[in-house]
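Residue-level structure breakdown
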Amino acid sequence: MLLDDPLWDVVFVEDFKGELVQKVSDFFNDQFPQVFWPSCTSEEFEWKLDESNPAGRGMMAVALCGNTIAGVITATRKEILIDGMPVLSAELGDTYTHPSFRNNGRCRELALGTSSRNDY
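What you are looking at is a predicted structure, and each value in this text was computed from that prediction instead of being measured.

Another point: the confidence of the model for the protein. Averaged over every residue, the pLDDT of the protein is 90; the share at 70 or more is 96%. Of all the helices and strands in the protein, strand β5 (residues 106-107) carries the lowest mean pLDDT, 88, while helix α1 (residues 19-31) carries the highest, 97.

Judged from the two bridges that link them, strand β1 (residues 7-12) and β5 form a sheet pairing that is parallel. Bridging from a neighbouring strand, W8 pairs with C107 of β5.

Quick look at the side chain of D94 now. In this structure, D94 sits in strand β4 (residues 85-97). On the basis of relative accessibility, which here comes to 12%, the residue D94 falls in the buried class. Of the polar contacts made by the side chain of D94, one reaches the side chain of K48; its length is 2.5 Å. Looking at D94, its side chain comes within polar contact range of the side chain of T74, at 3.0 Å.

If you add up the space inside the largest pocket, you get close to 840 Å³. Taken together, 25 residues form the lining of the largest pocket, with W8, V10, C107, E109 and A111 sitting closest to its centre. Mapped onto the lining of the largest pocket, the elements with two or more residues apiece are β1, β2 (59-65), β3 (68-82), β4 and β5. Broken down by class, the residue content of the lining of the largest pocket amounts to 15 nonpolar, five polar and five charged.

Bringing the side chain of T74 into the picture now. Residue placement: T74 occurs in strand β3. For T74, a relative accessible area of 1% corresponds to the buried category. Polar side-chain contacts of T74 include one of 2.7 Å to the backbone oxygen of G93. Setting aside its immediate chain neighbours within four residues, T74 contacts F45, L49, M59, M60, E91, L92, G93 and D94.

Before going further, it helps to spend a moment on the pairing of β4. Of the pairings in the sheet, the one linking β3 to β4 comprises eleven bridges and is antiparallel in character. Its bridge partner being in β4, E79 is matched across the sheet by L88. Taking the residues that link successive antiparallel strands as the turn, the β3-β4 hairpin has two residues, and the phi of D83 there is positive, at about 55°.

Looking now at α1. Counted at 1.5 Å a residue, the expected span for α1 with its 13 residues is 18 Å, and the 18 Å between its end C-alpha atoms agrees. The set of residues buried in α1 consists of V21, V24, S25, F27 and F28. Projected onto a plane normal to the axis of α1, the buried residues spread over an arc of 155° and lie on a single side. Exposed positions of α1 whose direction lies more than 90 degrees from the buried face are E19 and D30.

So, on to the sheet that holds β5. The strand order across the open sheet formed by five strands is β4-β3-β2-β1-β5, and the pairing between neighbours is mixed. Here the strands that pair on one side only, and so sit at the sheet edges, are β4 and β5. On the sheet, helix α2 (residues 42-49) packs against β2, β3 and β4 and is oriented at approximately 30° with respect to β3.

Cut-offs and rules
Residues numbered from 1 in each chain as written. Predicted model: local features only at pLDDT ≥ 70, side-chain atom pairs only at ≥ 80, totals over all residues. Heavy atoms only, no water. pLDDT = per-residue confidence, 0-100. Helix = DSSP H or I, 4+ residues; strand = E, 2+ residues; numbered from the N terminus. Pairing = 2+ DSSP bridges. Buried < 20%, exposed > 50% of the residue type's maximum accessible area, 1.4 Å probe, protein only. Polar contact = N/O pair within 3.5 Å; in protein donor to acceptor, adjacent residues only side chain to side chain. 1 Å grid on protein atoms, 1.4 Å probe; cavity = no way out; pocket = protein on both sides within 12 Å on 5 of 7 lines; lining within 4 Å. Points joined across faces, edges and corners; volume = space filled by probe spheres on them. Nonpolar A, V, L, I, M, F, W, Y, C, P; charged D, E, K, R; others polar. Contact = heavy atoms within 4.5 Å. Expected span 1.5 Å × (residues − 1). Arc of directions from axis to C-beta. Axes fitted to C-alpha atoms, helices over the stretch in contact; angles between N-to-C directions.

The following block contains the structure:
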């Protein structure tokens with residue numbers, strides 16, 4: 001059972017071949033087994049977010065409460081046209097929160113550029 005008002009830390013993944021990405025894959029398979037077919041693998045994120053993606057390197061942030069994943073967000077690079085001019089943008093994907101953390105808990109430290117826990 002999780003604590004009331006648990007605190008989590010946000011970690012930005014640098015190594016898409018690392019142990020944390022495998023832990024994220026396990027998180028999806030345990031909490032959201034219907035999302036990836038037949039199952040989520042770390043290779044999926046490596047393909048989508050690492051240098052091998054033709055659009056460029058993406059990003060993954062993981063909210064960790066101790067050893068438990070509270071949530072995950074990924075973003076892949078996209079080039080869009082605005083008034084005929086190419087603009088680098090990002091598409092959010094794989095944005096999931098562990099059911100036990102929905103409306104429960106908070107980030108240990110405020111994000112840069114924010115002044116309260118409601119600045120999101």
